[in-house]
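# Structural description and commentary
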Amino acid sequence: MCLGIPGQITRIISARERRAEVAINGVRREVNIACIADAEHPAESCVGDWVLVHVGFAMSRISAEEAALTLDVLTQLGEAQLEMDRMRESGRTGPMA
Amino acid sequence: MRYVDEFRDPEKARYLVKDIQRLAALIPAAANRPLQLMEFCGGHTHTIFKYGIEQMLPPSVELVHGPGCPVCVLPMGRVDDCVAIAECPEVIFTTFGDAMRVPGSRKSLLQAKATGADVRMVYSPLDALAIARDNPDREVVFFGLGFETTMPATALTILAAERQRVANFSVFCNHITTLPTIKAILDSSDMELDGFLGPGHVSMVIGTHPYHFIAGHYHKPVVIAGFEPLDILQSLWMLLKQLAERRCAVENQYARIVPEAGNTQALDAIQQVFEIREYFEWRGLGSIDHSGVSIRNRFAAFDAERRFSVPNLSIADPKACQCGEVLKGVIKPWECKVFGGACTPETPLGSLMVSSEGACAAYFNYGKMSGEVPATVEEVS
Ligand code: SF4
């Protein structure tokens, strides 16, 4: 949750609501881009950008090279797999029957 | 040594290790006692253990593993409050998975779930908000947790809940702040620190300016560091260079991610939704002034602390736990009496065993269980 994970913005779902689809390590998920979209970078122009995603929010724009290196270290630390599991399992687990 | 070869640029790493030793020899304070450099952030702690960075340093440089792992400093009383809220029959309690196993005085959230409470792990507070929209007849509570890195996410989610008029969503706010905590550490008589590695992702949000009091008032150097192994070595080198040149300043090794002014949109959201608490309780460290935030009056409808009457008791840690002394760097993890015996990552007694960013779990997982003789530079290169 503190280290984040890099992803690439593939599509804007709603520019007004700052919702975008981001490909993170091969998995697509909705991410909020309110912290990286501004007058200089309108939401529509963010497609293709690499970002660092923390708990569902793009917090920083990064270079493609930085994204690759970061993913590499996260994989070595075991954090990338954990983060993917967290995304996959999010909200699925209801009460134990 | 095998670790250096795992670095992205082993050549550079070897050079840095050598020069760290040269610089350490130039620092007068290091003649009498080892220099104590604190990495505040749990992400740094994890990298340091994984890559054996401590073993590369000369004996005159010691790392103190700070309290910057939000899961590790959650006090028992707050975990009990979570369990109390989660056990209300109308509640769906949502949390980051990291917090599930933190021990409370009665049970952890994982144990509460096993005994019938509807506790669900979420990746993002936005997922918790979606669960609230999907379950209008239930009360959905999100456990807001973390430093300034995750604070904007919670703030923006509360703003979205207000916009979308989601009436059955609230946040149990346990967000904590970095700078008052660093100040408390600097004011504590328990330790004599010589410099700080500043947290990278907190700084991505708050920028570099808020750290200036550390250099200006306390005369300690700060280097804001990335979390790749080479980032950490380079940041340590920058700290030693300042110490050797008798300078103290705030330097930014992680400028590729950390803008000096921080992230304006994120800071705006934090400012709108949160206000500073008078004090907040930390596991092991006790109460620290201004070290947490609560939800502003305007958003009272989204504040679980007001919607549910939480006991909010302060509960002492089990006697055997020495998490506080480890957090303050007074003892090393393996010196805790229950380390590796009664307290392991499988059955954590203290919270430093719960998260991979906790110093005890990091020591345990990477097998640095005792004070191994640090490798000399000859062995390293
Ligand atoms: S070994 Fe367990 S009880 Fe002791 S300091 Fe570490 S986490 Fe705390």
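Thresholds applied
Residues numbered from 1 in each chain as written. Chains lettered and ligands numbered in written order. Predicted model: local features only at pLDDT ≥ 70, side-chain atom pairs only at ≥ 80, totals over all residues. Heavy atoms only, no water. Helix = DSSP H or I, 4+ residues; strand = E, 2+ residues; numbered from the N terminus. Rg over C-alpha atoms; globule rule 2.2 N^0.38 Å. Buried < 20%, exposed > 50% of the residue type's maximum accessible area, 1.4 Å probe, protein only. Contact = heavy atoms within 4.5 Å. Pairing = 2+ DSSP bridges. Axes fitted to C-alpha atoms, helices over the stretch in contact; angles between N-to-C directions. Core = buried A, V, L, I, M, F, W, Y, C linked by side-chain atoms within 4.5 Å. Disulfide = S-S within 2.5 Å. Right-handed = clockwise from strand over helix to strand, strands pointing away. pLDDT = per-residue confidence, 0-100. Parallel < 35°, antiparallel > 145°, perpendicular 65-115°, else oblique. Left-handed = near helix turned anticlockwise from the far one by under 90°. Nonpolar A, V, L, I, M, F, W, Y, C, P; charged D, E, K, R; others polar. Buried area = accessible area lost by both parts, 1.4 Å probe. Salt bridge = Lys/Arg side-chain N within 4 Å of Asp/Glu carboxyl O. Polar contact = N/O pair within 3.5 Å; in protein donor to acceptor, adjacent residues only side chain to side chain. Phe/Tyr/Trp six-rings, centres within 6.5 Å; stacked < 30°, edge-to-face > 60°. Near = heavy atom within 4 Å.

Moving on to the overall build of chain A. A tally of regular secondary structure across chain A gives 2 helices and 5 strands. Ordering the α and β elements of chain A from the N terminus gives β-β-β-β-β-α-α. Relative to the globule expectation of 13 Å for 97 residues, the C-alpha radius of gyration of chain A, 14 Å, shows essentially globular dimensions. Referenced to the eigenvectors of the C-alpha coordinate spread, the extents of chain A come out at roughly 50 × 35 × 20 Å. When each of the 97 residues of chain A is scored for burial, the buried share is 53%. Contacts in chain A between residues at least 24 apart in sequence constitute 49% of all its contacts with a sequence separation of at least 6.

It is worth spelling out the sheet that holds strand 1 (residues 35-41) of chain B at this point. Residues and elements named next belong to chain B. Taking strand neighbours across the sheet as the criterion, the 5 strands line up as 2-1-7-8-9 in an open arrangement whose pairing is parallel. Looking at which strands have only one partner, the edges of the open sheet turn out to be strand 2 (61-68) and strand 9 (250-252). Ignoring which end each strand starts from, the neighbouring axes of this sheet average 20° apart. Sheet topology places strand 7 (residues 195-198) next to strand 8 (residues 222-224); 3 bridges connect them, and they run parallel. Residue pairing in the sheet places phenylalanine 196 in a bridge with valine 222 of strand 8. Docked against the sheet, helix 9 (residues 178-187) engages strand 1, strand 2 and strand 7, running at close to 155° with respect to strand 1.

Soluble globular proteins tend to bury their nonpolar side chains together. Counting 167 residues, the largest nonpolar core has B:Phe93, B:Phe169 and B:Tyr211 as its most contacted members. Looking at this core element by element, the count peaks at 10 residues for helix 12 (residues 229-244) of chain B.

With that settled, consider the state of the cysteines. Linking two cysteines covalently through their sulfur atoms gives a disulfide. Within this structure, the stated rule accounts for 1 disulfide over all chains. Between the sulfur atoms of B:Cys69 and its disulfide partner B:Cys72 the distance amounts to 2.5 Å. Between B:Cys69 and B:Cys72 the disulfide shows an S-S torsion of about 70°. By sign, it is right-handed. For B:Cys69, a relative accessible area of 3% gives the class buried. You can see A:Cys46 has no disulfide; the closest cysteine sulfur is in A:Cys35, sitting 12 Å from it. A relative accessible area of 0% places A:Cys46 in the buried class.

Turning to the pairing of strand 3 (residues 91-95) of chain B, a few remarks are in order. Residues and elements named next belong to chain B. The buried fraction of strand 3 amounts to 5 of the 5 residues, a majority that puts the element mostly inside the structure. With burial as the criterion, each face of strand 3 is covered, one bearing Val91, Phe93 and Thr95 and the other bearing Ile92 and Thr94. Where strand 3 meets strand 5 (residues 139-146), 4 bridges bridge the pair, whose relative direction is parallel. By the bridge assignment for strand 5, phenylalanine 93 is matched with valine 141. Where strand 3 meets strand 4 (residues 119-121), 3 bridges bridge the pair, whose relative direction is parallel. When the bridges of strand 4 are listed, phenylalanine 93 appears paired with valine 119. In this view, the connection linking strand 3 to its parallel neighbour strand 4 by way of helix 6 (residues 109-114) has right-handed handedness.

Low pLDDT marks stretches whose predicted atomic positions should not be read closely. The pLDDT averaged across chain B works out to 90; a share of 95% of its residues lies at or above 70. Here the prediction assigns the complex a pTM of 0.91, and the interface score ipTM is 0.92.

On to the packing of helix 2 (residues 10-26) of chain B against helix 12 of chain B. All names here are of chain B. Two numbers describe how helix 2 lies on helix 12: the axes approach to 9 Å, and their chain directions differ by 25°. As the angle between them shows, helix 2 and helix 12 are arranged roughly parallel. Helix-helix and strand crossings are classified by hand; for helix 2 and helix 12 the assignment is left-handed. For the pair formed by helix 2 and helix 12, the contact residues are Lys12, Ala13, Leu16, Val17, Asp19, Ile20, Leu23, Ala24 and Leu26 on the first element and Leu230, Leu233, Gln234, Leu236, Trp237, Leu240, Lys241 and Ala244 on the second. When the residues that make up the contact of helix 2 with helix 12 are grouped by side-chain class, the tally is 13 nonpolar, 1 polar and 3 charged.

Let's shift gears to the interface of chain B and chain A. Put simply, an interface is often sized by how much accessible area is lost when its parts join up. Each partner contributes residues to the interface: chain B has 49 residues there, and chain A has 38 residues. When chain B packs against chain A, close to 3700 Å² is buried across both sides, 61% of that on carbon and sulfur atoms. For chain B, the biggest contributors to the area lost against chain A are B:Tyr123, B:Phe227 and B:Gln265; these three give 20% of the whole. Taken together, chain B and chain A are joined by 3 salt bridges. For A:Glu66, the salt bridge goes to B:Arg256, with nearest N and O atoms at 2.5 Å. Scanning the region where chain B abuts chain A turns up 12 residue pairs in polar contact (both at pLDDT 80 or more). Those elements that place two or more of their residues in the side of chain B that touches chain A are helix 3 (42-50), helix 6, strand 4, helix 7 (125-134), strand 5, helix 8 (151-163), helix 10 (200-206) and helix 13 (264-273) of chain B. Partitioned by chemical class, the residues of the side of chain B that touches chain A number 25 nonpolar, 13 polar and 11 charged.

This paragraph deals with the packing of aromatic side chains. Residue and element names in this part refer to chain B. Applying the stated criterion across every chain, the model contains 9 aromatic pairs over all chains. When the ring of phenylalanine 143 is compared with that of phenylalanine 172, the centres are 6.1 Å apart and the planes differ by 25°; the resulting orientation is stacked. Residue phenylalanine 143 is found in strand 5, and its partner phenylalanine 172 is found in strand 6 (residues 169-175); the two are separated by 29 residues along the sequence. Phenylalanine 143 sits in the buried class, given a relative accessible area of 1%. Between phenylalanine 213 and tyrosine 218 the ring centres are 6.1 Å apart and the planes differ by 75°, which places this aromatic pair in the edge-to-face class. A relative accessible area of 16% places tyrosine 218 in the buried class. An aromatic cluster is built from Phe40, Phe147 and Trp282, whose rings are joined through pairwise contacts.

Attention now moves to the site of the ligand. Around the ligand, the neighbouring residues are B:Cys321, B:Gln322, B:Cys323, B:Val326, B:Cys336, B:Val338, B:Phe339, B:Cys343, B:Gly350, B:Leu352, B:Met353 and B:Cys360. Partitioning the shell around the ligand into residue classes produces 10 nonpolar, 2 polar and no charged.

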